[in-house]
There are 2 protein chains.
Amino acid sequence: MNTIKIGLIGLGTVGGSVLQMLTENQDKVQNITGQRLSVKTIVVRDTEKHQAAVPEGVTLTSDLDAIINDPEIKIVVEVMGGVHPAKEIITQLLNAKKHVVTANKDLIASAGEELANIARENHCDLMYEASVAGGIPILRTIVNSFAADQILEVKGIVNGTTNYILTQMQRKNWSYDQALKKAQELGFAESDPTNDVAGIDAAYKMVILSQFSYGTHLKLDDMSVEGIQTISLKDVEQADAFGYTIKLLGISRRINGGVFAEVGPVLVPTDHPLATINNENNAVMVTGQAVGETLFYGPGAGGLPTANSVLSDIVSVTKNIVLETTGNAFNNYQSESGNVDANDVIYPYYLSLKMLDIPGQMLKLTQVMTQIGASFSQIVQTKNDDQSARVVIITHDMSKAQLHDLKEQLEAIDTITLLSAYKVLK
Amino acid sequence: MNTIKIGLIGLGTVGGSVLQMLTENQDKVQNITGQRLSVKTIVVRDTEKHQAAVPEGVTLTSDLDAIINDPEIKIVVEVMGGVHPAKEIITQLLNAKKHVVTANKDLIASAGEELANIARENHCDLMYEASVAGGIPILRTIVNSFAADQILEVKGIVNGTTNYILTQMQRKNWSYDQALKKAQELGFAESDPTNDVAGIDAAYKMVILSQFSYGTHLKLDDMSVEGIQTISLKDVEQADAFGYTIKLLGISRRINGGVFAEVGPVLVPTDHPLATINNENNAVMVTGQAVGETLFYGPGAGGLPTANSVLSDIVSVTKNIVLETTGNAFNNYQSESGNVDANDVIYPYYLSLKMLDIPGQMLKLTQVMTQIGASFSQIVQTKNDDQSARVVIITHDMSKAQLHDLKEQLEAIDTITLLSAYKVLK
C-alpha cells in the first residue's frame, strides 16, 4: 500500500480537526487518490499540553527539525498562524522540498507571492484554500471554474466575527459593545478583537480574493479599510426602516482596467442574498461577464470546516504527487491592473449626521450637496438631544471623489458633524 | 506558440456561446494554461442555417469525419443534446482518442459510467460540468473540495424552468397553466415541457450529483419522481399562509448506509436559503459531516453560463494535456450503497385533501391518521364548493412507509380524496 506521511505544525482547533479528519476519512481519501495519508509528526511549542490529544504512533515534538530532516514526510500542514515565525518556517520547509498546506491568511496576503516563488523554485506545491472563508471552497473554484470568464466583481461577507456581532445588533437591538461582549463569551471574538472588528482580517482575504480573481497584487495599504466599531444601534435601526441590513462587506471590482477594493460597512437590501447570511457564516458573490451572479455560502470559520479546506488542499497535493505534477502555482493568473480614478467609483451612500438644532442647518447641508453635485434620495430627521438633531440620508449615486469633497466641506462647518458614510448596495 | 485545436458538435445557444467565449477570452486562457485554444471545425446538421455565425478560418460541415479523422483536433465539445446519436458520436470520438467535453445530462445520467470506461480505456478525458446546474460549478467543487469529507445530503433547485413557473405562481397568483404559458413565451420552457415540469430533468441531475457525492450509481427507475403539474394556486397560497414556499427540490441523502433520492415539490420555510432562489436560478446545498451546510447559487441555464462550465472543462483538459495527465476519470469516487428502508425516510408532510361536506369525514381522517401512527401539526379546513370541503394539513414527522399506508387507506374511503402530499423541510 502507498502511504504518504504528513507533518503537522500547530495543534489548536484547526490542527486538531485536521488530525481527526485525516483519521476518520482515511478510507474515502484512499478510494479517491489510491494513497493512504497518515500524520507522522506533530510540532508544537508546548508538548506537555498536547500529549493527551496525540494518537499512538504519532510523534509529538517541539523540534521542527524532526519534520525538516525526515525524508519520509512529503506534505506539511502549517496551522500555527501569525506571520512570524510561520514565514521563516514555511520557507525552510519549501527549501527542504516539502509540499506545504497552510490556513494562514495574514501570511499569504502579505508574503504569498514571495512564498509562491520559493515553492516554484523547489518544484513544491503551496496551497492555502483555508485562508479565505474557512469552509467555503472559493479559491479553488475561482481557479478552476472561472478560468475562461472575466470576473467583474467579487464581494462578500468574509469575516465571521463581525457578521455575528452585526446579526445580534440587528436581531436583539443590542449595542455594538453588548454584542461584542456576547461574541467574546461564546468564543466568536477574541479578547483583543481589533483584527476582526477593524476590518483588517477581511482586508487580508480581499487581497487574496482579488489576486485570484484578477491576477493582480493589491497591497493592504492601498485599500480603504473601515471596521464596524462605529456602527451605532441607531444606524442599524434606521437602515432597517429604509429596507436595508448593514453588513461588513469586502468589495473588489474591476473598473476601467483597474481594480478597486475596499472593506467597510455597507447597506444591503433586505431581499439581497448577502442580507440573509447571518451569524458566523460567510458568503462570497462572484460576478462573471459570462456566468453572471454566483454565490458561495458556508461556515466562515470553526475547526472542522476549516480543516475540510485544509484537507482539500492535501488531497490536491497528493494527486499531484501521484501524477508527478507538483510545483505548479495554486493560482497562476497574472495580470497588471491600473489605478482606479475616484471619479469612477460610484455608489449611493448612507450618511448619518448630527447637527445643532438651530435654524439654517439643513440649508447649509443642502448647499454643500448641491455644490458637490450630489443629491438626496431619502432623508429622515429626528431629535437627538436637547441641542441637536440627527439626520440620516440615502443619496443618489455619487462618486468617491464627491464623497471626499463632501467630507472636507462638512469638516469646515462646526455645527454639522458627519457620523458615518456607508456605501449602499442596489 | 502552442495551440490546441477544438472541434464543436452543435451550434445552438450553448454552442454559439462556447464559440464566443473561446474567442473573447483567448488571452486569459493562454495566460493561465500557456496554450492558445482555437475552434477549428464545427459539425452541424444544417450547415446553411449556421453559415453566418461562423468566423473566418473555421470549417463548418455536416460530416463528423472532418473531426474524427483530423489528428490536429484534440478536444471535442458535444452540445447537440439528446441520448442518441450523441452516445454513439462520443463513443466514436473517444475511440479516436479525442478528449470530450459535454453538457448532455440525459446522456451522462443514463450512460455516464459506460462512457467513462471507454474514455479510460483510450486514456482520454471525459468531462461534463455543464450537465448539472448550468452556471454553478458544483461537480468539480464536490470532486475537489469534499474529497476528504463525508457528504450527508445534497439537495437543491436544479431545474430553472420549474423554478421560474413556481416563482411566477407565487408572486403573481397565477395558475400553473398561466405561468407555464408565460414561461413558454419567454423561452424558459419548451413547447413540450414534459421533461422539465414532470421532474425528469431534475432527476437526471440528481443521479449525477448522487454519483459525485456518494460514489454510487442510482437508476432513474429507482427514484420517486414527481413534477409540478398538479400544484394548484391554492396549494401555493396555503403554503405561504403556513410560512412556506413550494419549490421543486431534488433531495439525495445518506440514510443508514444507503442513498435515498427523490424529486418532488417540497414546502421550504420562507427564511431558508433555498426559498430565496427565484426565477430561472438554481442552487445546490451540500451538507458535509465536517464542513456543515454550504450552498452554491447561480444561473441554472442560459447560453453563456452553461458555456462557462463547458470552458472550465476545456481548461481542465488543456492543463491535463500539458501535464500529460489525461485519462483520469472526472469523478473517481466509487462506493457501494445499500437500499434505504421506507421506515427510515422521515419528514413532516403537507397533505391537501378534498372531502364530502357531510358529518363524520374529519373523524374518518383522524382515525386513519391514528391507525398509521401519524399526527397533525397544523390543520385548516375551507369550503371547496357546495358539496365538498378542502382540508390542508401539516403533519408531524412521519415515514415514507406511513405515507404509503395513509395513501392506501384513503384510497379505500370514497368520500375523501388525497390531492397532494409534499414533503416539508425544517
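Note that the structure is predicted; figures quoted are calculated from it, not measured. (Residues numbered from 1 in each chain as written. Chains lettered and ligands numbered in written order. Predicted model: local features only at pLDDT ≥ 70, side-chain atom pairs only at ≥ 80, totals over all residues. Heavy atoms only, no water.)

Trainee: Would you mind showing me how to read the overall build of chain A here?
Mentor: What chain A contains, in helices and strands, is 15 helices and 18 strands. Its C-alpha atoms give chain A a radius of gyration of 24 Å, near enough to 22 Å, the size a compact globule of 426 residues would have. Residue burial in chain A is summarised as follows: out of 426 residues, 59% are buried. Expressed as a percentage of contacts within chain A between residues at least 6 apart in sequence, the contacts between residues at least 24 apart total 72%. A total of about 16800 Å² of accessible surface is found on chain A, and carbon and sulfur atoms cover 46% of it. Computed over 33 positive and 48 negative side-chain charges, the inter-centroid distance for chain A is 3 Å. (Helix = DSSP H or I, 4+ residues; strand = E, 2+ residues; numbered from the N terminus. Rg over C-alpha atoms; globule rule 2.2 N^0.38 Å. Buried < 20%, exposed > 50% of the residue type's maximum accessible area, 1.4 Å probe, protein only. Contact = heavy atoms within 4.5 Å. Areas by Shrake-Rupley, 256 points an atom, 1.4 Å probe, with all protein chains shown as cover. Lys, Arg positive; Asp, Glu negative; His and termini not counted. Charge placed at Lys NZ, Arg CZ, Asp CG, Glu CD.)

Trainee: Even after reading the chapter, I still don't get the sheet that holds strand S4 (residues 73–78) of chain B, so can you show me in this structure?
Mentor: As a general point, the strands of a sheet are linked pairwise by backbone hydrogen bonds and lie either parallel or antiparallel. Residue and element names in this part refer to chain B. Within the open sheet, the 6 strands sit side by side as S3-S2-S1-S4-S5-S6. Their pairing is parallel. Of all the strands in the sheet, just strand S3 (59–61) and strand S6 (126–127) have a single pairing partner and so form its edges. One ladder, built from 4 bridges, connects S4 with strand S5 (residues 99–102); its direction is parallel. Looking at the pairing, Glu78 lines up with Thr102 of S5. (Pairing = 2+ DSSP bridges.)

Trainee: Explain the packing of helix H1 (residues 13–24) of chain B against helix H13 (residues 303–323) of chain B to me, please; I cannot follow it from the model alone.
Mentor: The description of two helices packed together rests on the angle between their axes and the distance between the axes. Residues and elements named next belong to chain B. Between H1 and H13, the least distance of the axes is 8 Å, while the angle of their chain directions is 60 degrees. When the interaxial angle is binned, H1 and H13 end up oblique. As H1 packs across H13, the resulting crossing turns out to be right-handed. Of the residues in H13, those touching H1 at Thr13, Val14, Ser17, Val18, Gln20, Met21 and Leu22 are Gly303, Leu304, Thr306, Ala307, Asn308, Val310, Leu311 and Ile314. When the residues that make up the contact of H1 with H13 are grouped by side-chain class, the tally is 9 nonpolar, 6 polar and no charged. (Axes fitted to C-alpha atoms, helices over the stretch in contact; angles between N-to-C directions. Parallel < 35°, antiparallel > 145°, perpendicular 65-115°, else oblique. Left-handed = near helix turned anticlockwise from the far one by under 90°. Nonpolar A, V, L, I, M, F, W, Y, C, P; charged D, E, K, R; others polar.)

Trainee: What should I look at first to understand the sheet that holds strand S4 (residues 73–78) of chain A in this one?
Mentor: All names here are of chain A. Overall, parallel pairing links the 6 strands, which are arranged S3-S2-S1-S4-S5-S6 in an open sheet. Each having just a single partner strand, strand S3 (59–61) and strand S6 (126–127) make up the two edges of the open sheet. Bridge analysis of strand S5 (residues 99–102) against S6 gives 2 bridges, and the strand direction is parallel. Considered in S6, the bridge of Val100 is made with Leu126. Sitting on the sheet, helix H13 (residues 303–323) touches strand S1 (3–9), strand S2 (36–43), S4, S5 and S6, and the angle it makes with S4 is about 160 degrees.

Trainee: For this particular structure, what's the right way to read the interface of chain B and chain A?
Mentor: Accessible area lost upon the coming together of the parts serves often as the stated size of an interface. On the side of chain A, 40 residues touch chain B, which itself brings 40 residues to the contact. The three residues of chain B that bury the most area against chain A are B:Lys28, B:Ala148 and B:Tyr297, which together make up 17% of that side's buried surface. At the junction of chain B with chain A, the criterion picks out 0 salt bridges. The tally of links between chain B and chain A comes to 16 residue pairs in polar contact (both at pLDDT 80 or more). Of all the secondary-structure elements, those providing two or more residues to the side of chain B that touches chain A are helix H2 (26–33), helix H7 (138–145), strand S12 (292–299) and H13 of chain B. The leading source of residues in the side of chain B that touches chain A is H13(B), at 8 residues. (Buried area = accessible area lost by both parts, 1.4 Å probe. Salt bridge = Lys/Arg side-chain N within 4 Å of Asp/Glu carboxyl O. Polar contact = N/O pair within 3.5 Å; in protein donor to acceptor, adjacent residues only side chain to side chain.)

Trainee: Quick question: what am I supposed to make of the environment of B:Glu113 here?
Mentor: All names here are of chain B. Tracing the chain through its elements places Glu113 in helix H6 (residues 105–121). We classify Glu113 as partly exposed; its relative accessible area is 42%. Along the chain, Glu113 and His217 lie 104 residues apart, while their C-alpha atoms are 8.4 Å from each other. Within the structure, the side chain of Glu113 is placed 3.3 Å from the side chain of His217, a separation counted as a polar contact.

Trainee: Hey, could you run me through H2(B) in this one?
Mentor: One turn of an α-helix holds 3.6 residues; hence residues three or four places apart share an orientation. All names here are of chain B. For H2, every residue scored as buried is listed here: Gln26, Lys28, Val29, Ile32 and Thr33. Each buried residue of H2 lies within a common arc of 165 degrees when the element is viewed along its axis, so the set occupies one face. As for H2, its buried residues are in contact with H1, strand S2 (36–43) and H13. The first or second residue beyond H2 is Gly34, which carries a positive phi of 75 degrees. (Arc of directions from axis to C-beta.)

Trainee: What exactly am I supposed to notice about the domain arrangement of chain A here?
Mentor: Residues and elements named next belong to chain A. Domain parsing of chain A yields domain 1 (3–133 + 303–323), domain 2 (138–299) and domain 3 (342–424). Taking the mean C-alpha position of each, domain 1 and domain 2 sit 28 Å from one another. Note on domain 1 versus domain 2: buried area summed over both sides is about 1400 Å², and carbon and sulfur give 63% of it. Per-residue buried area on domain 1 facing domain 2 is highest for Glu129, Val132 and Ala133; these three make up 38% of the total on that side. Across the domain 1-domain 2 interface, the total number found is 2 salt bridges. Between the two partners, domain 1 and domain 2, sit 8 residue pairs in polar contact (both at pLDDT 80 or more). Breaking the side of domain 1 that touches domain 2 down by element, the ones donating at least two residues are helix H6 (105–121) and H13. Per element, the largest residue contribution to the side of domain 1 that touches domain 2 is 5 residues, and it comes from H6. When its residues are assigned to classes, the side of domain 1 that touches domain 2 shows 7 nonpolar, 3 polar and 5 charged. (Domains from an automatic or database assignment.)

Trainee: I tried to follow helix H12 (residues 233–242) of chain B on my own but got confused; where do I start?
Mentor: Those residues of H12(B) that sit buried are B:Asp235, B:Val236, B:Gln238, B:Ala239 and B:Phe242. One or two steps after H12(B), the chain reaches B:Gly243, where phi turns positive at roughly 95 degrees.

Trainee: For this particular structure, what's the right way to read the relation of the copies chain B and chain A?
Mentor: Note: a rotation about an axis with an accompanying shift along it relates these two copies of the chain. Of the two same-sequence chains, chain B is brought onto chain A (RMSD 0.0 Å, axial shift 0.0 Å) by a rotation of 180 degrees. Within this description, the copies of the chain are treated as partners about a two-fold rotation axis. Of the C-alpha atoms belonging to chain B, the one lying closest to the rotation axis is found on B:Phe296, 2.4 Å away. By residue overlap, the copies meet face to face through one surface: 100% of the interface positions of chain B are interface positions in chain A. (Least-squares fit on C-alpha atoms with pLDDT ≥ 70 in both.)

Trainee: Help me out: how do you make sense of the packing of aromatic side chains in this one?
Mentor: Here a ring pair, both rings aromatic, is described through the centre-centre distance and the interplanar angle of the planes. If you walk through the whole model with that rule in mind, you get 11 aromatic pairs over all chains. Arranged with centres 6.0 Å apart and planes meeting at 10 degrees, the rings of B:Tyr350 and B:Tyr422 form a pair that is stacked. Placement of the pair is B:Tyr350 in strand S14 (residues 349–356) and B:Tyr422 in strand S18 (residues 416–424), with a sequence separation of 72 residues. Pair check on accessibility: B:Tyr350 and B:Tyr422 agree, each one buried. Grouping aromatic residues by their ring pairs yields a cluster made of A:Tyr128, A:Phe212 and A:Phe330. Positioned above the aromatic ring of B:Tyr333 is the side chain of A:Lys28, whose terminal nitrogen or guanidinium carbon lies 4.7 Å from the ring centre. Above the ring of B:Tyr347, the side-chain terminus of B:Lys423 is found at 5.5 Å from the ring centroid. (Phe/Tyr/Trp six-rings, centres within 6.5 Å; stacked < 30°, edge-to-face > 60°. Lys NZ or Arg CZ within 6 Å of the ring centre and 35° of its normal.)

Trainee: What is the right way to read the pairing of strand S11 (residues 281–288) of chain B from this model?
Mentor: Consecutive residues of a regular strand have side chains that alternate between opposite faces of the sheet. All names here are of chain B. With 8 of 8 residues buried, S11 lies mostly within the body of the structure. What you see with S11 is no split at all: Asn281, Ala283, Met285 and Thr287 on one side and Asn282, Val284, Val286 and Gly288 on the other are buried throughout. Sheet analysis places S11 next to S12, joined by 8 bridges and oriented antiparallel. Bridged to Met285 within S12 is Leu295.

Trainee: Explain the UniProt feature "active site" (unreviewed entry) in chain A to me, please; I cannot follow it from the model alone.
Mentor: Residues and elements named next belong to chain A. According to UniProt, the "active site" (unreviewed entry) feature falls on Lys205. Residue position: Lys205 is located in helix H11 (residues 200–214). For Lys205, the side chain forms a polar contact with the main-chain oxygen of Val158, separated by 2.8 Å. (UniProt positions renumbered as here; feature names shortened; annotations may be inferred.)

Trainee: So what exactly am I meant to see when it comes to the pattern of salt bridges here?
Mentor: Two side chains carrying opposite charge are able to pair once their charged atoms lie near each other. Residue and element names in this part refer to chain B. Applying the stated criterion across every chain yields a total of 30 salt bridges over all chains. Between Asp70 and Lys40 there is a salt bridge whose closest N-O contact spans 2.7 Å. Placement of Asp70 in the loop between helix H4 (65–68) and S4 and of Lys40 in strand S2 is noted, with a sequence separation of 30 residues between them. Using a relative accessible area of 12% as the deciding quantity, one classes Asp70 as buried.

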